[in-house]
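Results of the structural survey
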Amino acid sequence: MSDEQLLQSRRNALKCMAYGGAGTLFVLAGGVFSPVDLALAADDKLGTARLGKPLFVQISDTHIGFNKEANPDVNGTLTQTIDLVNGMAEQPALIIHTGDITHLSKPAEFDLAQQLLSRLRTTELHTVPGEHDTTDPTVTEYFNRFGKASDNKGYYSFDHAGVHFVALINVLQFKPGGLGTLGTDQLAWVAADLKGHSDSTPIVVFAHMPLWTIYEPWGWGTGDADQLMNQLRRFGSVTVLNGHIHQIIQKVEGNMTFHTARSTAYPQPTAGTGSGPAPLKVAADQLPKMLGITSVSIVKHPRSLALSDTTIA
Amino acid sequence: MTLGQYRSLLTAASVAMLWWAATCSPSAAGSSDPTNILMKDFMFAPTSLTVKAGSTVTWVNMDDEPHTAVSDTGLFRSAAIDTNESFSFKFDKPGTYHFTCSIHPRMVGTIVVQ
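Read on for a plain summary of the structure. (Residues numbered from 1 in each chain as written. Chains lettered and ligands numbered in written order. Predicted model: local features only at pLDDT ≥ 70, side-chain atom pairs only at ≥ 80, totals over all residues.)

**Description of the packing of helix 5 (residues 184-195) of chain A against helix 6 (residues 225-232) of chain A**
All names here are of chain A. Contact pair helix 5 / helix 6: the axes reach a minimum separation of 10 Å and the direction vectors enclose 5°. Relative to helix 6, the element helix 5 is oriented roughly parallel. Mapping the contact onto sequence places Leu187, Val190, Ala191 and Leu194 in helix 5 and Gln227, Leu228 and Gln231 in helix 6. Residue composition of the contact of helix 5 with helix 6, grouped by class: five nonpolar, two polar and no charged. (Axes fitted to C-alpha atoms, helices over the stretch in contact; angles between N-to-C directions. Helix = DSSP H or I, 4+ residues; strand = E, 2+ residues; numbered from the N terminus. Parallel < 35°, antiparallel > 145°, perpendicular 65-115°, else oblique. Contact = placed C-beta atoms within 7 Å. Nonpolar A, V, L, I, M, F, W, Y, C, P; charged D, E, K, R; others polar.)

**Notes on the sheet that holds strand 8 (residues 108-113) of chain B**
Paired through backbone hydrogen bonds, the strands of a sheet run either parallel or antiparallel to each other. Residue and element names in this part refer to chain B. The strand order across the open sheet built from four strands is 3-8-7-5, with neighbouring strands paired in mixed fashion. Every other strand in the sheet has two partners, leaving strand 3 (48-51) and strand 5 (70-71) as the edge strands with one partner each. Across four bridges, strand 3 lies against strand 8 in parallel orientation. Pairing of threonine 50 across the sheet is with valine 112, part of strand 8. (Pairing = 2+ DSSP bridges.)

**Let's talk about helix 2 (residues 74-86) of chain A**
Residue and element names in this part refer to chain A. Under the 1.5 Å per step criterion, the end-to-end length of helix 2 is 18 Å for 13 residues, consistent within 8% with the ideal 18 Å. What helix 2 keeps buried is the set Val74, Thr77, Leu78, Thr81, Ile82 and Val85. Projected onto a plane normal to the axis of helix 2, the buried residues spread over an arc of 145° and lie on a single side. The exposed set on the far side of helix 2, more than 90 degrees from its buried face, consists of Asp83 and Asn86. In this fold, the buried residues of helix 2 make contact with strand 3 (54-59), helix 3 (107-117) and strand 12 (292-298). (Expected span 1.5 Å × (residues − 1). Buried ≥ 20, exposed ≤ 12 C-beta atoms within 10 Å, placed from the backbone. Arc of directions from axis to C-beta.)

**A word on the interface of chain B and chain A**
Each partner contributes to the interface: chain B provides 21 residues, whereas chain A provides 21 residues. For the side of chain B that touches chain A, a count of residues per class yields seven nonpolar, six polar and eight charged.

**Quick word on the nonpolar core**
Residues Leu168, Val205, Phe206 and Ala207 of chain A are the most contacted members of the largest nonpolar core, which totals 54 residues. Excluding its chain neighbours within four sequence positions, the residues that come into contact with phenylalanine 206 of chain A are Ile96, Thr98, Val128, Ala167, Leu241 and Asn242 of chain A. By size, the runner-up hydrophobic cluster in this structure holds 19 residues, among which are Ile37, Met39, Ala69 and Phe91 of chain B. (Core = buried A, V, L, I, M, F, W, Y, C linked by C-beta atoms within 7 Å.)

**A word on unusual backbone geometry**
In this structure, proline 46 of chain B follows alanine 45 of chain B across a cis peptide bond, with omega equal to 0°. Even without a glycine there, the phi angle at aspartate 151 of chain A is positive, about 55°. Along the chain, aspartate 151 of chain A falls in the loop between helix 4 (141-146) and strand 6 (156-160). Residue aspartate 151 of chain A is classed as exposed on the basis of its 10 C-beta neighbours within 10 Å. Despite not being glycine, histidine 244 of chain A shows a phi value in the positive range, around 80°. In this fold, histidine 244 of chain A is placed in the loop between strand 9 (238-242) and strand 10 (250-253).

**Section: helix 3 of chain A**
Residues and elements named next belong to chain A. Of the positions making up helix 3, those classed as buried are Glu109, Phe110, Ala113 and Leu117. Within helix 3, the buried residues cover an arc of 100° as seen down the axis, which keeps them to one side. In helix 3, the exposed residues that point more than 90 degrees away from the buried face are Ala108 and Gln115. Buried residues along helix 3 sit against strand 5 (125-127) and helix 4.

**Remarks on the environment of lysine 175 of chain A**
Mapped onto the secondary structure, lysine 175 of chain A falls in the loop between strand 7 (163-167) and helix 5. Ignoring sequence-local partners within four residues, the contact set of lysine 175 of chain A consists of Thr181 of chain A together with Pro105 of chain B.

**Details of the sheet that holds strand 6 (residues 86-91) of chain B**
Residue and element names in this part refer to chain B. Read from one edge of the open sheet, four strands run 2-1-4-6, paired in mixed fashion. With one partner strand each, in any of the chains shown, strand 2 (43-45) and strand 6 form the two edges of the open sheet. Neighbour to neighbour, the strand axes of the sheet diverge by 20° on average, direction disregarded. Pairing geometry for strand 1 (residues 36-40) and strand 2, over three bridges, is antiparallel. Following the sheet pairing, methionine 39 is matched in strand 2 by phenylalanine 44.

Structure, rendered in structure tokens:
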């Protein structure tokens, strides 16, 4: 199948999903990342089988516990998101949550989030914490529930379908006035972790805060991310997934694709609009179009991955 | 009265009550309280505050987004302070104390205790 045919079949398949909102499909092939705008009309009879099995779905910034005007029902929008994922014709092999699971790091918020997420048909869930998950005085609520994978360090790796996944934490060790930080211990661990993998291994790196500087005045970046990128540059396919900013921003740099996901709770303003990254209040009928997930499929196994953003509208 | 005005009044009333509760002093209630630091528009206001030893400083969040007040030295660390909530800490020893919001580390402030 040619790339053009592949794009066409994907477009049709996604149309068939009839999710309703405006979505954008990203196809990554040979290091070239091309967005394809989707008009999600439900007039196509093509099945989703040709889309291939989604490798994983990224959920982000669920902010359970948030109850302000921007979205008084974050439990409801997370439930809608879970219904969306559960309704996919092909279930993803795993789910990644890129942090800010809760709004205030309260035990009851974590418990409710876990209860809601347990409805996912795909049971393999991998998480990293956001800065909203680590505000409890002892920074233990997140780790008590999700710390096992990383031996309570917050960073870990695993393999699935020939893809190497690296989960990183960049919301601790804040320097006042600064960006997110990975820290020397974690960077040394990444170097050792990647050492045994050939350049042709597709790599997925995920962390809460963007691993590239999107807007420094709002702390939308990671101060020592360059040291990480130097380690990743040799690989033929690197996908870097983050949350934190509640909107989609992406860029391609060589063989590296950077992408931030939407929140399932509330949108945030574009960089520099207003006094800070506060919850953005929009009309009720507009909100679902600004919330959603990112799903990632293997396009030409194992060389490349395709990203697709879907709203819950 | 519009809903917005009503909400503003409610917010103002609840914040005033928080200050009252935090300071337990009728004369201390109000926006000019010299031991209060507002968290507003992603800034501490004032960014620098001078108090006498033994004073209790109260941080009050006016934003729709939670903030924290975390000492650089580990002397104090609030939990997430949600909208209209507050956090207080008593400064016994003279010195200069820097703090930041761990959720928004661009927010920084200083307390000078005399």
